[in-house]
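# Inside the fold
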Amino acid sequence: VQLQASGGGLVQAGGSLRLSCAASGRTFSSNPMGWFRQAPGKEREFVAAISWRGGTTSYLDSVKGRFTISRDNAKNTVYLQMNSLKPEDTAVYFCAADSRGLRVGVHGREYDYWGQGTQVTVSS
């Protein structure tokens, strides 16, 4: 089972990026999925999560109104559209899947499958 995150890169402040996370080896279409990030010297933090149907989402306060999580269960893929990026959004972004639960979790311990991470760098 693999979660492959992609779409990271270098962007100027105010710019946009769209992250993708494609799952292979099993389907997560019935499971919540999420995005976390970790900046240098900081702990991993929750960014966004989405329920299996996409009807429920949750966001870190600092990204509300700027980031949008979505999913395409037919493609076994979750997305994170990031707009109005700020330098403080710079981090490695990880996607995760919770194969054991139904609720949208905001803690890393609630997820049991993790992608390898994709670097997002926002320059000022």
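Okay, so let's go over this structure. (Residues numbered from 1 in each chain as written. Predicted model: local features only at pLDDT ≥ 70, side-chain atom pairs only at ≥ 80, totals over all residues. Heavy atoms only, no water.)

Counting secondary structure elements, the protein chain contains 0 helices and 11 strands. What you see in the protein chain, going N to C, is helices and strands ordered as β-β-β-β-β-β-β-β-β-β-β. Its C-alpha atoms give the protein chain a radius of gyration of 13 Å, near enough to 14 Å, the size a compact globule of 124 residues would have. For the protein chain, the spread of C-alpha atoms along the principal axes amounts to about 40 × 25 × 25 Å. Of all 124 residues assigned to the protein chain, the portion counted as buried reaches 45%. Of the contacts made within the protein chain by residues no fewer than 6 positions apart, 57% connect residues no fewer than 24 positions apart. Placing the 14 positive and 9 negative side-chain charges of the protein chain at their respective mean positions leaves the two points 4 Å apart. (Helix = DSSP H or I, 4+ residues; strand = E, 2+ residues; numbered from the N terminus. Rg over C-alpha atoms; globule rule 2.2 N^0.38 Å. Buried < 20%, exposed > 50% of the residue type's maximum accessible area, 1.4 Å probe, protein only. Contact = heavy atoms within 4.5 Å. Lys, Arg positive; Asp, Glu negative; His and termini not counted. Charge placed at Lys NZ, Arg CZ, Asp CG, Glu CD.)

Moving on to the state of the cysteines. Here the structure, examined in full by the defined rule, presents 1 disulfide. Across a sulfur-sulfur distance of 2.0 Å, Cys 21 and Cys 95 are joined as a disulfide pair. The S-S bond linking Cys 21 to Cys 95 shows a torsion near 60°; that makes this disulfide right-handed. Placement of the pair is Cys 21 in strand β3 (residues 17–24) and Cys 95 in strand β9 (residues 91–97), with a sequence separation of 74 residues. Owing to a relative accessible area of 0%, Cys 21 belongs among the buried residues under this scheme. (Disulfide = S-S within 2.5 Å.)

Mapped onto the fold, Glu 110 is located in the loop between β9 and β10 (113–114). Residue classification places Glu 110 among the buried residues on the basis of a relative accessible area of 17%. Of note is the side chain of Glu 110, whose polar atom sits 3.1 Å from the backbone nitrogen of Val 106. Of the polar contacts made by the side chain of Glu 110, one reaches the backbone nitrogen of His 107; its length is 3.0 Å. (Polar contact = N/O pair within 3.5 Å; in protein donor to acceptor, adjacent residues only side chain to side chain.)

Let's shift gears to the sheet that holds strand β1 (residues 2–6). Strand order in the open sheet formed by 4 strands is β1-β3-β8-β7, and the pairing between neighbours is antiparallel. For this open sheet the edge positions go to β1 and β7 (67–72), each flanked by a neighbour on one side alone. Taking the axes of each pair of neighbouring strands and ignoring which way they run, one obtains an average angle of 15° across the sheet. By the bridge criterion, 6 bridges tie β7 to strand β8 (residues 77–82) in an arrangement that is antiparallel. Looking at β8, one finds that Arg 71 is bridged to Val 78. (Pairing = 2+ DSSP bridges. Axes fitted to C-alpha atoms, helices over the stretch in contact; angles between N-to-C directions.)

Turning to the pattern of salt bridges, a few remarks are in order. Across all of its chains, the model carries 6 salt bridges by this definition. Among the salt bridges present, the one from Asp 61 reaches Lys 64, with a minimum N-O distance of 3.0 Å. A salt bridge links Arg 66 to Asp 89; the nearest nitrogen and oxygen atoms lie 2.8 Å apart. Here Asp 89 lies in the loop between β8 and β9 and Arg 66 lies in the loop between β6 (57–59) and β7, a separation of 23 residues in the sequence. Look at Arg 66 and you get buried, because its relative accessible area is 10%. Overall, Asp 89 belongs to the buried group, its relative accessible area being 1%. (Salt bridge = Lys/Arg side-chain N within 4 Å of Asp/Glu carboxyl O.)

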